[in-house]
Amino acid sequence: MAQAVRPARGGRPHRSRFTLNTDGRPHPVENTLAVVTVVLGLVSAIAAFWSGLHLLSSWAGLVGVLVGAFGQYRSVTTAERFLFIIGMGLAAVGFYIGMAHGGLFGGVVS
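A quick note: this is a predicted structure, and the numbers were derived from the prediction, not measured.

Student: Just checking my understanding: could you explain the packing of helix α2 (residues 54-74) against helix α3 (residues 78-101) for this structure?
Tutor: When two helices pack together, their arrangement is given by the angle between their axes and by how far apart the axes lie. Interhelical geometry of α2 versus α3 gives an angle of 150° and a closest axis separation of 7 Å. Regarding the angle of α2 to α3, the classification is roughly antiparallel. With respect to the hand of their crossing, α2 and α3 are arranged in left-handed fashion. Side by side, α2 and α3 meet where H54, S57, S58, G61, L62, G64, V65, G68, A69, G71 and Q72 of the first sit next to R81, F84, I85, M88, A91, A92, G94, F95, G98, M99 and H101 of the second. For the contact of α2 with α3, the per-class residue count stands at 10 nonpolar, 11 polar and 1 charged.

Now the structure itself:
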């Protein structure tokens, strides 16, 4: 328990910063997939507010869930997995609401 209170070497306190590479090694593919998943989730969830944007919402949600699932398979660190879960949750909500408003092909394919 003493390690939790011991100051960092050199006497200076350690400054915390946000990083997805908590293991100290770069993961550019996994980090890109995590950011893409969050962006697609946000687009899908925001577009779900308008029923006329059901095509955008449902397709962005579907792609966001699939990209997030693949990224979750490849992820290495907990920070990456955290972003994948948040992004996939947003994408799934947007996907389901988009499906309720008209679906992937609603009104385009008869």
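Student: Looking at this structure, I do not really get the pattern of salt bridges. What am I missing?
Tutor: Once their charged atoms are close, side chains differing in charge can pair, the charge on each being opposite to the other. For the coordinates displayed, the defined rule picks out 1 salt bridge. One salt bridge in this structure joins R74 and E30, with 3.1 Å as the shortest N-O distance. In this pair, R74 is assigned in helix α2 and E30 in helix α1 (residues 28-47), connecting sequence segments 44 residues apart. Accessibility expressed as a relative area gives 8% for E30, which makes it buried.

Criteria and thresholds
Residues numbered from 1 in each chain as written. Predicted model: local features only at pLDDT ≥ 70, side-chain atom pairs only at ≥ 80, totals over all residues. Heavy atoms only, no water. Axes fitted to C-alpha atoms, helices over the stretch in contact; angles between N-to-C directions. Helix = DSSP H or I, 4+ residues; strand = E, 2+ residues; numbered from the N terminus. Parallel < 35°, antiparallel > 145°, perpendicular 65-115°, else oblique. Left-handed = near helix turned anticlockwise from the far one by under 90°. Contact = heavy atoms within 4.5 Å. Nonpolar A, V, L, I, M, F, W, Y, C, P; charged D, E, K, R; others polar. Salt bridge = Lys/Arg side-chain N within 4 Å of Asp/Glu carboxyl O. Buried < 20%, exposed > 50% of the residue type's maximum accessible area, 1.4 Å probe, protein only.

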